[in-house]
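Overview (structure and organization)
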Amino acid sequence: MQPIFTDKQDFIRQYRSVCHYTLGKHYEDMGDTERYMALATLIANKANEVKTDNRGANRKAVYYFSLEFLIGPLLDNYLLNFGVRDLVEEGCADLGTPLDKLIEKEVDPGLGNGGLGRLAACFLDSMAAEGMDGYGNGMRYRYGLFRQEIEGGRQVEKTDNWLAKGYPWETRKPESAVTVTFGGHVERHEENGRFWFTLEGAEKIRAVPYDVPIVGYSGTTVNHLRLWSAEPYNEDFDLEAFNRGDYADAMKFRSDIEAITTILYPNDAGEHGRILRLKQEYLFVSAGLQTILRDYIRKHIRKGDTWEDLPKYVAIHTNDTHPALCGPELMRLLVDEQGVDFDLAFKIARQTISYTNHTVMPEALEKWSINTLRELLPRTYMIIEEIDRRYREGFPHNYDNWYEMLRDTAILWDGQARMANLSVIFSHSVNGVSALHTNIIENSVLKTFYELKPELFNNKTNGVSHRRFLGNANPPYARLITSAIGVGWLRDANQLEGLTAYENDASFQEEFAASKQWCKERLSAYIEKTSGVQLDTNMIFDVQVKRFHAYKRQLLNAFKILDIYNRMLDDPNYKPEPTAFIFSGKAAQSYTFAKEVIRLINSIADVVNNDKRVNEYIKVAFVPNFAVSNAQLIYSAADISEQISWAGSEASGTSNMKLQMNGAITLGTYDGANVEICDLVGNDNIKIFGLRTEEVDELRRNHSYWAWDLYNADRGRIGRLIDMLTDGSLARLSGNFESVRDGLMVNNDHDLVLKDFYSYAQAWAELTDSYRADRAAWNRSAIHNTAKSGYFSSDRTIREYGEDIWQISGSASRD
Ligand code: 26V
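This write-up is about the structure you can find in this document. Worth saying up front: this structure is predicted, and the values here are computed from it rather than measured.

With that out of the way, let us pick up the overall build of the protein chain. On a plain count of helices and strands, the protein chain comes out with 33 helices and 23 strands. Relative to the 2.2 N^0.38 estimate, which gives 28 Å for 815 residues, the radius of gyration of the protein chain is 27 Å and therefore close to what a compact globule would have. Based on the C-alpha atoms only, the size of the protein chain along its principal axes is roughly 95 × 75 × 65 Å. Residue burial in the protein chain is summarised as follows: out of 815 residues, 60% are buried. Restricting to contacts in the protein chain with at least 6 residues of sequence separation, those with at least 24 account for 75%. Within the structure as shown, the protein chain displays about 31,300 Å² of accessible surface, and the carbon and sulfur contribution to it stands at 47%.

Now the structure itself:
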């Protein structure tokens, strides 16, 4: 692979020339945003030039279908992957604006909610790094997930107009547009005993793709992420209405259609806009599949392969149930448009499609009303109905409880289509995202399917892009690691294991501490700018950053802080190890409880940070608008990683992995991938607390937990925390917290916040005591955490998907 720039001078010359021909200006006449735009355009052009058409047509490709891709800023990552980061940094410094200043100008597209969307982006990075033909298929939302501002402690949602200045990484591909239809009715035709179906009178929509190049590490493989945008099928609008002055009427056709790709639905969005959400799911599924089949005809059918060969060349992966219509839609295209026999089409679909489940929360399992499906997608629904009918017909009756088993697994039941069941029935592989989670789906969420077909199920423990979340996010630590073990860890994260040889090295420990200090200073400057809170960088940085959700228990963390506060006020001799508690994350607009927890944390911050009696010891900061870009600043600066969901609730978690990589010690429950972190780093290098999954299950089965018992038994501590929610102690900023109190005391503390409280408070005290007692030991443990984090590179995860599910291996050599 030729380097994209031969040297610094070559880079400067090409950069200047892009300034000139794309923006029509000299570098010297541009502001920083324009300079960023020109640099991003230059790198995007380089990526598009590599765009890997150098592969044989006979290689298998995987298409990763996801409604969410949280790709984050790309420039810094692509410079690293192309191996020109240092050279470009020097070139930019020579020219005038330092690279860091340009990187700050990049938008961070909010095309996802949280872990699921970021995982999809990490997978794109790893597929390209591993040299796989791996493509993303998703949606180009006009507005990303809302921008979060905090006013009076409350989350306020503002539109995220990420495309306002244009997006230099995307290329519109009108020549690859396809037609997607909604509504209409199905007509049956028959000729010589053969029959077929057509869809009549449907509304046509034009789906136009925008491609974003995905640059793999070393720059040899460049794949793409294809994002679909909905546009009118034709522009024959009502000229008469327009001429009458009824502009809104004349243009209504346009806004109805464009609505499909206008916004990203927030997780836990409630009932609003459900039909629009279903249209989104169908649009990117149908458009993506049409593209795949069109390519397959060109590359394979014309050369003599048959449709039966499709699974040899194509794997389609569905990220949760959002793309679940892939199965029936692929069948529709094969049967109606390519004349493939129904049974064969089903077989092809199953061999091609695989599915990952990402949650055990019952409210997140998608269901659609049969009436809605039938009306919106008459022909695709017909196929679902036929597959469901055959499933029932062929269901084994040799089980005593066959009826219950059928009820659990059929696609259609009680007027609803259950998308998880649809996904399982149309897939050859179903996986969970951590060992514990896979266990739970096998033994409860999808239990009956597991009984019927255990061979379908497998685990793929999540991973994260170590290049982005360590290499880009933590420059001083990345340099230190490279100076110790060489640069090979960027390609092969397992090489981080080599750091175990340095764990006990005093000077390495000191340099690690210095890199942490640098990151803390960078973060505290950011926090001061964005939330006005000043943090002392000598404090422990204790971090909980993720979506706000009851099961993730930010409330437990908030109670711990209040408890430390109370104890300090009661006992002037009690001095905790100075700690900054840092929170960040969004709550869904309609998720009242989660939003109240955000307001609570900001109210606690208001009280604690303004109380001179305590604020040399404890500080609380809420970082607004959590996104990939500020996440990178936070992970790298953390000492303690809070992973405190109740056991059995968090499918995997991925911030736990990103924080571990950066040398933070996990304070967590035995949940999700925390279990595997614990196995890898050993009990001495993690702090586990709280009920185990089996204990939670048992307590829920026996109804043996009564929150009021804890309140009454400990009025002075637990009771006091509850009372503070409503007695005005925290009300100064924006009032009391009645609904939070009700969640605990009226709904009997569903998320076991009070139940796990003592164990948690004690674990925190022990962990921070150990920080105070022996800093060298702490640093050793932190370095050990990094050394053992190679397993959590998404490169490893992707290799496992490739081998076990997709039957694809990458071309990247692992030297
Ligand atoms: C559900 C819905 C429902 C309605 C509208 C939008 C929407 C968007 C997403 C979801 C499901 C979210 C599931 C999810 O995010 N799971 C997370 O996946 C991570 C990657 O596997 C994992 O680390 C987290 O533990 C898991 O919560």
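The rest of the description comes next.
This brings us to the site of the ligand. The environment of the ligand is made up of 19 residues, and the closest members are H358, N462, E650, S652 and G653. Contacts to the ligand include Y551, whose side-chain N or O atom sits 3.2 Å from an oxygen atom. Measuring from an oxygen atom of the ligand, one finds a backbone N or O atom of S652 at 3.0 Å. Here the ligand, which alone exposes 590 Å², has 89% of that area covered by the protein. Top contributing element to the shell around the ligand by residue count: helix α6 (residues 115–129), with three residues. Residues of the shell around the ligand, tallied by class, amount to seven nonpolar, nine polar and three charged.

Turning our eyes to something else, we now look at the packing of aromatic side chains. Applying the stated rule across the entire model yields 30 aromatic pairs. The interplanar angle of 75 degrees and the centroid separation of 5.5 Å between the aromatic rings of Y15 and Y27 together place this pair among those described as edge-to-face. With Y15 in helix α1 (residues 8–23) and Y27 in the loop between α1 and α2 (32–50), this residue pair connects regions lying 12 residues apart in the sequence. Seen in terms of ring centroids, Y78 and W169 are 5.4 Å apart; in terms of plane orientation they differ by 85 degrees. Their pairing is edge-to-face. Of this pair, Y78 sits in helix α3 (residues 75–82) while W169 is found in the loop between β4 (154–160) and β5 (171–172), placing the two residues 91 residues apart along the sequence. For the residue pair Y78 and W169, the accessibility class agrees, reading buried in each case.

Of all five residues in strand β1 (residues 61–65), five are buried; the element is thus mostly enclosed. Neither face of β1 is exposed, since A61, Y63 and F65 on one face and V62 and Y64 on the opposite face are all buried. The pairing of β1 with strand β11 (residues 314–319) spans five bridges and is classified as parallel. Bridge assignment links Y64 to a residue of β11, and that residue is H317. Bridging between β1 and strand β2 (residues 133–139) involves five bridges; their strand directions are parallel. Considered in β2, the bridge of A61 is made with D133.

Bringing the sheet that holds strand β15 (residues 416–418) into the picture now. Spatial ordering of the open sheet is given by β13-β15-β14, a layout of three strands whose pairing is antiparallel. This sheet does not close on itself; its edge strands, each paired only once, are β13 (367–369) and β14 (412–413). In this structure, β14 lies alongside β15, joined through two bridges in antiparallel fashion. Counterpart to W413 in the pairing with β15 is Q416.

Relative to the assigned elements, K586 resides in the loop between β19 (579–584) and α23 (592–609). Classification of K586 by relative accessible area gives buried; the value is 8%. Expressed as a C-alpha distance, the spacing of K586 and T438, which sit 148 residues apart in the sequence, is 27 Å. Leave out the neighbours within four places in its chain, and K586 touches L145, F146, R147, Q148, Q155, K546, R547, F548, I598, N625 and F626. Here the side chain of K586 touches F146 through a polar contact of 2.7 Å, landing on its backbone oxygen.

This paragraph deals with the pattern of salt bridges. What the rule picks out here adds up to 56 salt bridges. K552 is paired through a salt bridge with E650; the nearest N and O atoms lie 2.9 Å apart. Residue K552 is found in the loop between β18 (540–545) and α22 (554–570), and its partner E650 is found in the loop between β21 (640–643) and α25 (655–661); the two are separated by 98 residues along the sequence. Across this residue pair, the class does not change: K552 and E650 are buried. Where salt bridges share partners, they join D343, E386, R389, R390 and E393 into one cluster.

What follows concerns the sheet that holds strand β23 (residues 687–688). Sheet strands associate in pairs through backbone hydrogen bonding, adopting either a parallel or an antiparallel arrangement. Taken in spatial order, the six strands line up as β20-β19-β18-β21-β22-β23 in an open sheet, and their pairing is parallel. Both edges of this open sheet fall to β20 (618–623) and β23, since each of them pairs with a single strand only. Relative to β20, β19 is paired through six bridges, and the arrangement is parallel. Bridge pairing in β20 links F581 to V620. Against the sheet, α22 engages β18, β19, β20 and β21, with an angle of about 155 degrees to β19.

Next up on the list: helix α27 (residues 693–702). Within the span of α27, buried status applies to T693, V696 and L699. Each buried residue of α27 sits inside an arc of 130 degrees when the element is viewed along its axis, so together they form one side. The outward face of α27, more than 90 degrees from its buried face, is lined by the exposed residues E694 and R701. Buried positions along α27 lie against α17 (435–445). Two residues or fewer past α27, H703 is found with a positive phi of approximately 50 degrees.

It is worth spelling out a positive patch on the surface at this point. Together, K101, K105, K165 and K529 make up a region of like positive charge exposed at the surface. Take K529: it is sitting in helix α21 (residues 506–531). The exposure class assigned to K529 is exposed, which follows from its relative accessible area of 67%.

Here the focus is the side chain of T461. Tracing the chain through its elements places T461 in the loop between β17 (457–459) and α19 (466–472). Residue T461 is classed as buried on the basis of its relative accessible area, which comes to 1%. With near-sequence residues (within four places) excluded, T461 lies in contact with V433, S434, A435, M657, E676, Y791, F792, R796 and T797.

Before going further, it helps to spend a moment on the pairing of strand β7 (residues 185–191). Alignment of β7 against strand β8 (residues 194–200), held across seven bridges, turns out to be antiparallel. Across the sheet, E187 pairs through a bridge with T198, a residue of β8.

The next thing to look at is the environment of E695. For E695, the location among the structural elements is in helix α27. Residue class for E695 comes out partly exposed when judged on its relative accessible area of 40%. Residues E695 and A493 lie 202 residues apart in sequence; the distance between their C-alpha atoms is 35 Å.

About the thresholds
Counting restarts for each chain, with residues numbered from 1 along the sequence as it is written. It should be noted that, the model being predicted, local features are given only for residues of pLDDT at least 70 and side-chain atom pairs only at 80 or more, the latter also being counted only at that level, while totals for whole chains, interfaces and linings use all residues. Hydrogen atoms and water are omitted, and side-chain values are computed over all heavy atoms in the structure. Helical segments are the DSSP runs of H or I of at least four residues, strand segments are the runs of E of at least two, and each set is numbered from the N terminus. When we talk radius of gyration, it's over C-alpha atoms, and the globule rule is simply 2.2 Å times the number of residues to the 0.38. Per-residue accessibility, obtained with a 1.4 Å probe over protein chains only, is compared with the maximum for each type, and a residue is labelled buried under 20%, exposed over 50%, and partly exposed between these values. Whether two residues are in contact is decided by their heavy atoms: any pair within 4.5 Å suffices. Only the protein chains shown count as covering a residue, and every accessible area follows the Shrake-Rupley method with a 1.4 Å probe. Note on terminology: near, applied to a residue and a molecule or strand, indicates that one of the residue's heavy atoms is within 4 Å of it. Polar contacts here mean pairs of N or O atoms no more than 3.5 Å apart (in protein, one a potential hydrogen donor and the other a potential acceptor; neighbouring residues in sequence count only if both atoms are side-chain atoms). Think of it as three bins: nonpolar holds Ala, Val, Leu, Ile, Met, Phe, Trp, Tyr, Cys and Pro, charged holds Asp, Glu, Lys and Arg, and polar takes everything else, Gly as well. Stacked, tilted and edge-to-face pairs are distinguished by plane angle, under 30 degrees for stacked and over 60 for edge-to-face with tilted covering the rest, among Phe, Tyr and Trp rings (Trp via its six-membered ring) whose centres lie within 6.5 Å. When DSSP finds two or more bridges between a pair of strands, those strands are recorded as paired. A side-chain nitrogen of Lys or Arg and a carboxyl oxygen of Asp or Glu constitute a salt bridge if their distance falls within 4 Å. Throughout, an axis means a line fitted to C-alpha atoms (over the contacting stretch in the case of helices), and angles, computed between N-to-C directions, take values from 0 to 180 degrees. Picture the helix axis, draw a direction to every C-beta atom, and the arc is the one those directions span. Distance thresholds for patches are 9 Å for like charges and 5 Å for nonpolar side chains (Val, Leu, Ile, Met, Phe, Trp, Tyr), applied to residues having over 30% relative accessible area and no salt bridge. Residues scored as charged are limited to Lys and Arg (positive) and Asp and Glu (negative), so that His and the chain ends carry no count. A single reference atom marks each charge: NZ on Lys, CZ on Arg, CG on Asp, CD on Glu.

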